[in-house]
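# Understanding the architecture of this molecule
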Amino acid sequence: MARWRLGGPVLAAALALVLAADPAAACPRPQGWTGGANIAGELWTAWWRPEPAPIPVGAHFSVRFHLCGPPVGRVGVRGWMPDHRHGMNYRPAVTLDGLSGTAEGLLFHMPGRWQLILDVRGASGREKLTGETAPAFDFTAREKRRILRHGPWPLASKPDPSNRVSGKPAAIGFGRALFFDPRLSLSGAVSCATCHQPDRAWTDGLPRSRGQRIVDRNAPSLFNLRFNRWFGWDGAQDTLWAQNLRPLLDRREMGVGPGGAARLVRSDRQLSCGYRRAFGAAPGADDERVFVDLGKALAAFLETRVTGRTPFDDFRDALARGDATGMARYPAAARRGLRLFVGRGNCSFCHFGPAFTNGEFADAGVPHFVEPGRVDPGRHGGIRELRRSPYTLLGRFNDDAERSTAARTRYVRLRQSNFGEFRVPGLRNVALTAPYMHAGSLETLAGVALHYSTLDEERLHAGGERILRRLDLSARERADLVAFLETLTEKGPLHESAMKTGNALCR
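Residues numbered from 1 in each chain as written. Predicted model: local features only at pLDDT ≥ 70, side-chain atom pairs only at ≥ 80, totals over all residues. Heavy atoms only, no water.

### Concerning the overall build of the protein chain
The helix and strand inventory of the protein chain stands at 14 helices and 18 strands. Looking at the 507 residues of the protein chain, the share that counts as buried comes to 52%. Considering only contacts in the protein chain between residues 6 or more positions apart, those separated by 24 or more positions represent 66%. Accessible surface, the protein chain as shown: approximately 23,000 Å² in total, 52% of it carbon and sulfur. (Helix = DSSP H or I, 4+ residues; strand = E, 2+ residues; numbered from the N terminus. Buried < 20%, exposed > 50% of the residue type's maximum accessible area, 1.4 Å probe, protein only. Contact = heavy atoms within 4.5 Å. Areas by Shrake-Rupley, 256 points an atom, 1.4 Å probe, with all protein chains shown as cover.)

This is the structure we're talking about:
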């Protein structure tokens, strides 16, 4: 059975088919046709298409059709709304020429679920071939406002004032070389790219990542980090350059530390030259200063990892300008999922804005135990670590004398409800970054949708907040939500053309 899908105020011309068999093989598309739907019955198979396409609501249209099968004596065409049990207010005129014909004068007088029915009669019998529409997608004004808040994309950006080499090509190149260099680990075998692999959307595909040893958390993707307010699952770092220092300090990950990193850069001709080009001077005697500068060069490189445009962005922009044809290209299942996302699911409360994150932290109702007897404190531990760290926007390594971006660090508040909260991740390219949650406890997007649909609200440590609710989504609704999330994947190949270290930093 074919589905005519209604998009905004119009029915989409591109028809997604749900067929019991593959009738196209037995009944080829009529010569000269583009688009249309193929519908198989027991006696006849029909191709049909609307003119004009997309079908307008509240305006007359016609349907052309071509049948394969025994001779036909008569064909009737009508519209029907099964949910309301009424049909069209007009009787179309049908002209028939052999197995082909045209029905003129049809009109769908309201948006909603319509069926188009071909009533075919011949000497061999009588058969009704039915194409069914999907539900209407006339978004409410409130839904439209919420959808439009998720763009436009890409966002405008400017250099990070706390990092004096942010946006500088020489620092970007130096940071790229550092990212792939395993000598920044105690073992000499682990680089940043070990856990953040370009061909895995900058993740490693593991529930909990493995550097020199297995760590407690999943390796998050490195997409769109330049737009973050906090870094790491617990927000223990307030800048991207400080976040880059954390694995270099952690012996479970790379563990080289300030002294080892500084010695490597001073002793290696290529790295020393790359440092000098990026920072305008040779690496000095202050190990910690050199160490921090490596984090800043890495940040300059990672700031370039911004995702491209997606099918959702095309739909969102078409919605903004009222382009019905552009909106009709967006899959109907994704539209249903989008309606859930901004509506009953309330997903956009936390996954807000163009990057699909509010930049803060939440308890998602997943277990916090790393192992028996040991719990990951999440944001609560992150704030405590932030306050102990010398590598913050309030410290001596901030290159911005005005501390113009330091308000978040100065005023952040530690609350008991922070225990078990983790950073709300951005959702762009989310279909590429499984497994999900801070410890990779959910393997697929379908699993994520099921988790929120069956959420155990008693697990939440929300301090009285009631943001998350059990959604009780049907299987169809969960599939629609996943269909929407998949449209947040950028079109075409990922922007990884410059990932290989290739050329030497200096000649």
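Next comes the rest of the write-up.
### Description of the pairing of strand 13 (residues 115–122)
Counting buried positions along strand 13 yields six of eight residues, so the element is predominantly enclosed. Looking at chain direction, strand 9 (residues 74–81) and strand 13 are connected through seven bridges and run antiparallel. Within strand 13, the residue paired with G79 across the bridge is L116. (Pairing = 2+ DSSP bridges.)

### Remarks on the packing of aromatic side chains
Per the stated rule, a full pass over the model turns up 18 aromatic pairs. Between the aromatic rings of Y275 and F279, the centroid separation amounts to 4.8 Å while the plane-to-plane angle is 35°, which identifies the pairing as tilted. One end of the pair is Y275 and the other is F279, both in helix 6 (residues 269–279) and four residues apart, which spans about a single turn. Each member of the pair Y275 and F279 is classed as buried. Through successive ring pairs, a cluster of aromatic residues spans F179, F180, W202 and F301. Seen from the ring of W33, R49 lies directly overhead, with NZ or CZ sitting 4.8 Å from the centre. Lying over the aromatic face of W233, R423 brings its terminal NZ or CZ to 5.9 Å of the ring centre. (Phe/Tyr/Trp six-rings, centres within 6.5 Å; stacked < 30°, edge-to-face > 60°. Lys NZ or Arg CZ within 6 Å of the ring centre and 35° of its normal.)

### A look at unusual backbone geometry
Trans peptide bonds make up the majority, and among non-glycine residues the majority have a negative phi. A cis amide bond, omega 5°, links W153 with the succeeding residue P154. Within the secondary structure layout, P154 lies in the loop between helix 1 (141–148) and helix 2 (169–179). Of note, the phi angle at W202 is positive, near 65°, even though the residue is not glycine. Within the fold, W202 resides in the loop between helix 3 (192–195) and helix 4 (240–249). If you check the backbone angles, M437 has positive phi at about 80° while not being a glycine. One can find M437 in the loop between strand 18 (422–423) and helix 13 (445–453).

### A few points about the side chain of S348
Within the secondary structure, S348 is located in the loop between helix 10 (332–342) and strand 15 (361–362). Among residues more than four places away in sequence, those in contact with S348 are H150, F341 and V342.

### Considerations on the state of the cysteines
The tally for this structure, following the rule as stated, stands at one disulfide. Paired by a disulfide, C27 and C68 hold their sulfur atoms 2.0 Å apart. With the S-S dihedral at roughly 70°, the linkage between C27 and C68 falls on the right-handed side. Here C68 lies in strand 8 (residues 60–68) and C27 lies in the loop between strand 4 (16–17) and strand 5 (37–40), a separation of 41 residues in the sequence. Of the cysteine sulfurs around C192, a residue in no disulfide, the closest is that of C195, at 9.0 Å. Judged by relative accessible area, which is 13%, C192 ranks as buried. Free of any disulfide, C347 has its nearest neighbouring cysteine sulfur in C350, separated by 9.2 Å. For C347, a relative accessible area of 18% gives the class buried. (Disulfide = S-S within 2.5 Å.)

### Section: the nonpolar core
Counting residues in each nonpolar core, the largest one holds 43 residues, and the members touching the most others are F174, L178, F179, L184, L294 and Y391. Elements that contribute at least two residues to this core include exactly helix 2, helix 3, helix 4, helix 5 (257–267), helix 6 and helix 7 (287–302). Considering each element in turn, this core owes the most residues, 10 residues, to helix 7. Residues in contact with L178, not counting those within four places in the same chain, are L184, L271, L294, A297 and L298. Grouped together as the second largest cluster of nonpolar side chains are 32 residues, I147, Y330, L427 and L473 included. (Core = buried A, V, L, I, M, F, W, Y, C linked by side-chain atoms within 4.5 Å.)

### Details of helix 10
Along helix 10, nine of the 11 residues are buried, which leaves the element largely enclosed by surrounding structure. A332, A334, R335, R336, G337, L338, L340, F341 and V342 are the residues of helix 10 that are buried.

### Comments concerning the environment of T310
Mapped onto the elements, T310 comes out in the loop between helix 7 and helix 8 (311–321). On the accessibility criterion, T310 (1% relative accessible area) is buried. Separated by 157 residues in the primary sequence, T310 and W153 have C-alpha atoms spaced 8.9 Å apart. Ignoring anything within four residues of it in the chain, the contact list for T310 reads R428, T487, L488, T489, E490 and K491. Polar side-chain contacts of T310 include one of 3.2 Å to the backbone nitrogen of F312. (Polar contact = N/O pair within 3.5 Å; in protein donor to acceptor, adjacent residues only side chain to side chain.)

### Notes on the confidence of the model for the protein chain
Considering every residue of the protein chain, the mean pLDDT works out to 88; 90% of them sit at 70 or more. Within the model, pLDDT remains below 50 along residues 1–24, and this stretch shows 80 contacts once partners closer than five positions in the same chain are excluded. (pLDDT = per-residue confidence, 0-100.)

### Things to note about helix 13
For an α-helix the count is 3.6 residues per turn, leaving residues at separations of three or four pointing the same way. Within helix 13 the residues assigned to the buried category are L445, V448, A449, H451 and S453. Where the residues of helix 13 are buried, they touch helix 14 (475–486).

### Structural notes on the packing of helix 2 against helix 6
Interhelical geometry of helix 2 versus helix 6 gives an angle of 150° and a closest axis separation of 8 Å. The orientation of helix 2 relative to helix 6 falls into the category roughly antiparallel. Here the hand of the crossing between helix 2 and helix 6 comes out left-handed. Contacts from A170, A171, F174 and L178 of helix 2 reach helix 6 at L271, G274, Y275, R277, A278 and F279. For the contact of helix 2 with helix 6, the class distribution of residues is eight nonpolar, one polar and one charged. (Axes fitted to C-alpha atoms, helices over the stretch in contact; angles between N-to-C directions. Parallel < 35°, antiparallel > 145°, perpendicular 65-115°, else oblique. Left-handed = near helix turned anticlockwise from the far one by under 90°. Nonpolar A, V, L, I, M, F, W, Y, C, P; charged D, E, K, R; others polar.)

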